[in-house]
Amino acid sequence: MNDADLNTLLHRAASVGPCRAEAVQGNVMERVRCDDGRRRRWWSFVGWLLLLGTLSGICTAWAVGWLRASQDQTHAQPPKLQLIEGGLAR
């Protein structure tokens, strides 16, 4: 329930005659006590934000790692060993 809904309910309750005022007041208070829509929307937003942030971080880390590994030429050819090439260099 947002402020506009609450204001509408309170104005409606104020315009009702005295015989129905108690019933309307009870309905308004029950709705205010039981309303958890804002809390559910907030938790849903935060949950989706955390999930998407985590997935974005994982995908970014994977893409950067893969690109860096594909461009790395360190192990493209084996290192030259002086012993195999003809002994120690003098």
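Residues numbered from 1 in each chain as written. Predicted model: local features only at pLDDT ≥ 70, side-chain atom pairs only at ≥ 80, totals over all residues. Heavy atoms only, no water.

Draft legend 1. Up close: the overall build of the protein. Looking only at helices and strands, the protein features three helices and zero strands. Along the chain direction, N to C, the helices and strands of the protein fall in the order α-α-α. For the protein, buried positions account for 7% of its 90 residues. Summed over all atoms, the accessible surface of the protein reaches about 8400 Å², with 61% contributed by carbon and sulfur. (Helix = DSSP H or I, 4+ residues; strand = E, 2+ residues; numbered from the N terminus. Buried < 20%, exposed > 50% of the residue type's maximum accessible area, 1.4 Å probe, protein only. Areas by Shrake-Rupley, 256 points an atom, 1.4 Å probe, with all protein chains shown as cover.)

Draft legend 2. View of a nonpolar patch on the surface. A contiguous nonpolar surface patch, about 530 Å² in accessible area, is contributed by Trp-42, Trp-43, Phe-45 and Leu-49. Here Leu-49 is to be found in helix α3 (residues 37-71). (Patch = residues over 30% accessible without salt bridge, like charges linked within 9 Å, V, L, I, M, F, W, Y side chains within 5 Å. Salt bridge = Lys/Arg side-chain N within 4 Å of Asp/Glu carboxyl O.)

Draft legend 3. Structural detail: the confidence of the model for the protein. Averaged over every residue, the pLDDT of the protein is 80; residues scoring 70 or more account for 77%. For the protein, the element scoring lowest by mean pLDDT is helix α2 (residues 21-34), at 71; α3 scores highest, at 94. (pLDDT = per-residue confidence, 0-100.)

Draft legend 4. Local environment of the packing of aromatic side chains. A full pass over the atoms with the stated rule returns two aromatic pairs. Here Trp-62 and Trp-66 contribute two aromatic rings whose centre-to-centre distance is 6.3 Å and whose plane-to-plane angle is 15 degrees, an arrangement assigned as stacked. Taken as a pair, Trp-62 and Trp-66 lie in helix α3 at a separation of four residues, close to a single helical turn. For the pair shown, Trp-62 and Trp-66 are each scored as exposed. (Phe/Tyr/Trp six-rings, centres within 6.5 Å; stacked < 30°, edge-to-face > 60°.)

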